[in-house]
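Overview (structure and organization)
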Amino acid sequence: MSKVTGIDFTNRLAELHSLTNHILLNGSGVAAGDVDGDGLCDLYFCSLDGPNVLYRNLGNWKFEDMTADAGVACAGQYSTGAVFADIDGDGDLDLLVNSIGGGTRCFLNDGHGRFKEVTAEAGLSSRTGSMSMALADIDGDGDLDLYVANYRTSTMRDTFSMRIKVNQIEGKPVVTKVNGRPVTEPDLVGRFTINGAGVIVENGEADALYLNDGRGRYTPVSFTNGSFLDEEGKPLTSPPYDWGFVCHVP
């Protein structure tokens with residue numbers, strides 16, 4: 001079939017990587033959209049062990065690899081998901097790419113399918129284990145805001161030696177240190193809790209919600225500023241540390 005369509009892509013994962021990080025077994029996604037303005041739907045495939053690939057639609061089910069010219073290979077990362085969306089309001093489709101350990105990367109389109117990475121300028125630099133994304137205008141200002149579902153970059157089940165210290169705080173068992181490091185360090189905040197049965201539970205990373213300024217620059221929104229309520233209608237006191245995998249806009 002690849003000889004007919006021109007699409008020759010396989011999302012490979014080396015066995016060694018799958019054995020040392022089970023999160024990679026969750027796989028990767030694909031994005032579809034007209035990136036060069038010719039009215040045809042182009043395809044972008046995410047890869048774990050290798051560069052991502054962007055295929056230009058030539059019509060009649062024929063495609064050609066345009067990754068090099070587009071500048072969106074994202075080599076050297078575990079890519080998980082991507083989306084095409086006009087984030088800067090100039091009428092063409094830009095690209096957002098998620099990865100394990102690299103968070104969300106942002107690429108602006110020149111209107112002809114050539115992209116420039118602006119991740120830092122867009123305010124999206126992070127090292128999270130990001131999976132999927134959803135975009136919508138949540139504040140009614142006419143631009144696309146961004147929600148990123150974060151999973152985790154690694155789990156304790158892939159760690160052969162982990163020392164977890166538990167102290168009693170206000171009469172309740174609380175995890176205070178992991179491998180001698182305080183849980184106040186950024187990568188440990190919210191990671192471990194103890195449930196009602198006294199079992200240590202590993203949580204996912206907190207998802208991220210960003211407001212767009214209309215030019216593709218994002219500002220994170222706090223989950224604890226009173227805008228988000230729990231099931232009892234009370235403001236959240238901490239971000240939700242779920243294992244974020246899929247998110248969508250209804």
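Computed from a prediction, not measured in an experiment: that's the story for all the values here.

Some points on the packing of aromatic side chains
- Counted under the stated rule, the structure contains seven aromatic pairs.
- With a centroid separation of 6.2 Å and 70 degrees between ring planes, the pair formed by tyrosine 44 and phenylalanine 84 is classed as edge-to-face. Of this pair, tyrosine 44 sits in strand β2 (residues 42–45) while phenylalanine 84 sits in strand β5 (residues 78–85), and the two are 40 residues apart along the sequence.
- Judged by its relative accessible area of 10%, phenylalanine 84 is buried.
- Their ring planes at 80 degrees and their centres at 5.9 Å tell us that phenylalanine 45 and tyrosine 55 sit as a pair that is edge-to-face.

Quick word on the pairing of strand β4 (residues 62–65)
- Here four bridges tie strand β3 (residues 53–59) to β4, and the two strands are oriented antiparallel to one another. Pairing of asparagine 57 across the sheet is with phenylalanine 63, part of β4.
- Once β3 ends, the chain turns through two residues before running back antiparallel as β4, passing asparagine 60 with a positive phi of about 55 degrees.

Regarding the pattern of salt bridges
- Per the counting criterion, the structure on display carries nine salt bridges.
- Put simply, arginine 114 and aspartate 110 hold a salt bridge, and the shortest N to O gap is 3.1 Å.
- Residue class for aspartate 110 comes out partly exposed when judged on its relative accessible area of 38%.
- Each of Asp36, Arg56 and Glu64 takes part in one network of salt bridges that share partners.

Digging into unusual backbone geometry
- Phi angles above zero are rare outside glycine, and tryptophan 61 is one such case at about 65 degrees.
- Residue placement: tryptophan 61 occurs in the loop between β3 and β4.
- What makes tryptophan 61 exposed here is its relative accessible area of 70%.
- Not every positive phi belongs to a glycine, and glutamate 170 is a case in point at roughly 55 degrees.
- Mapped onto the fold, glutamate 170 is located in the loop between β11 (164–169) and β12 (172–178).

Here's the deal with the sheet that holds strand β13 (residues 181–182)
- Here three strands make up an open sheet; going across it, the order is β11-β12-β13 and the pairing antiparallel. Looking at which strands have only one partner, the edges of the open sheet turn out to be β11 and β13.
- Pairing of β12 with β13, which is carried by two bridges, proceeds in the antiparallel orientation. Its bridge partner lying in β13, lysine 177 is registered against proline 182.

Some words on the pairing of β11
- Bridge count for β11 against β12 is six bridges, and the pairing is antiparallel. Paired with valine 166 across the strands is valine 175, a residue of β12.
- Adjacent in sequence and paired antiparallel, β11 and β12 are bridged by two residues, among which glutamate 170 carries a positive phi angle near 55 degrees.

A short note on the side chain of aspartate 88
- Along the chain, aspartate 88 falls in the loop between β5 and β6 (94–100).
- No salt bridge is formed by the buried aspartate 88; the nearest opposite charge belongs to arginine 217, separated by 8.9 Å.

A look at the environment of asparagine 195
- Looking at the element boundaries, asparagine 195 is found in the loop between β14 (192–194) and β15 (200–202).
- By relative accessible area, which is 35% here, asparagine 195 ends up partly exposed.
- Residues asparagine 195 and leucine 43 lie 152 residues apart in sequence; the distance between their C-alpha atoms is 44 Å.
- At a separation of 3.0 Å, a polar atom in the side chain of asparagine 195 contacts the main-chain amide nitrogen of alanine 197.
- Among the polar contacts made by the side chain of asparagine 195, one reaches the main-chain amide nitrogen of valine 199 at a distance of 2.9 Å.

Comments concerning the side chain of threonine 5
- With respect to the secondary-structure elements, threonine 5 resides in helix α1 (residues 2–5).
- Beyond its immediate stretch of four places on either side in the chain, threonine 5 contacts Trp61, Lys62 and Phe63.

What counts, and at which threshold
- Residues numbered from 1 in each chain as written.
- Predicted model: local features only at pLDDT ≥ 70, side-chain atom pairs only at ≥ 80, totals over all residues.
- Heavy atoms only, no water.
- Phe/Tyr/Trp six-rings, centres within 6.5 Å; stacked < 30°, edge-to-face > 60°.
- Helix = DSSP H or I, 4+ residues; strand = E, 2+ residues; numbered from the N terminus.
- Buried < 20%, exposed > 50% of the residue type's maximum accessible area, 1.4 Å probe, protein only.
- Pairing = 2+ DSSP bridges.
- Salt bridge = Lys/Arg side-chain N within 4 Å of Asp/Glu carboxyl O.
- Lys, Arg positive; Asp, Glu negative; His and termini not counted.
- Polar contact = N/O pair within 3.5 Å; in protein donor to acceptor, adjacent residues only side chain to side chain.
- Contact = heavy atoms within 4.5 Å.

By themselves, these are just geometric observations and shouldn't be taken as functional.
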